[in-house]
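Results of the structural survey
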Amino acid sequence: MTSTIEYLALGAVAVVLLVSIVQSVQLSGLNEKVGQQNTLMVSLVSSGSTGGIASQAGAPAQNPVPTQTNQAPSQQMVGGC
């Protein structure tokens, strides 16, 4: 005769199995989306880098605009104000 505890154990195993199957399906779908995005990023980077390097090969290097970090505390933005 099967006891109630054995039925509860079988039910718990079934729930864990069901959850793991659902998670594996979700993970495979997410893996496919990441693969598609990686392919898109590689194609964008490769097309952007070849055009950018060739067009800027003879151009002189530009200095970025320096940022001011040594401002007085009264002139710094605090809390978005």
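Everything here concerns the structure above.
Residues numbered from 1 in each chain as written. Predicted model: local features only at pLDDT ≥ 70, side-chain atom pairs only at ≥ 80, totals over all residues. Heavy atoms only, no water.

Thoughts on the overall build of the protein chain
A count of helices and strands for the protein chain gives 1 helix and 0 strands. A total accessible area of about 7600 Å² is found for the protein chain, and carbon and sulfur atoms account for 65% of it. (Helix = DSSP H or I, 4+ residues; strand = E, 2+ residues; numbered from the N terminus. Areas by Shrake-Rupley, 256 points an atom, 1.4 Å probe, with all protein chains shown as cover.)

Structural notes on a nonpolar patch on the surface
A contiguous nonpolar surface patch, about 390 Å² in accessible area, is contributed by Leu 40, Met 41, Leu 44 and Val 45. Tracing the chain through its elements places Leu 44 in helix α1 (residues 4-55). With relative accessibility at 48%, the residue Leu 44 sits in the partly exposed group. (Patch = residues over 30% accessible without salt bridge, like charges linked within 9 Å, V, L, I, M, F, W, Y side chains within 5 Å. Salt bridge = Lys/Arg side-chain N within 4 Å of Asp/Glu carboxyl O. Buried < 20%, exposed > 50% of the residue type's maximum accessible area, 1.4 Å probe, protein only.)

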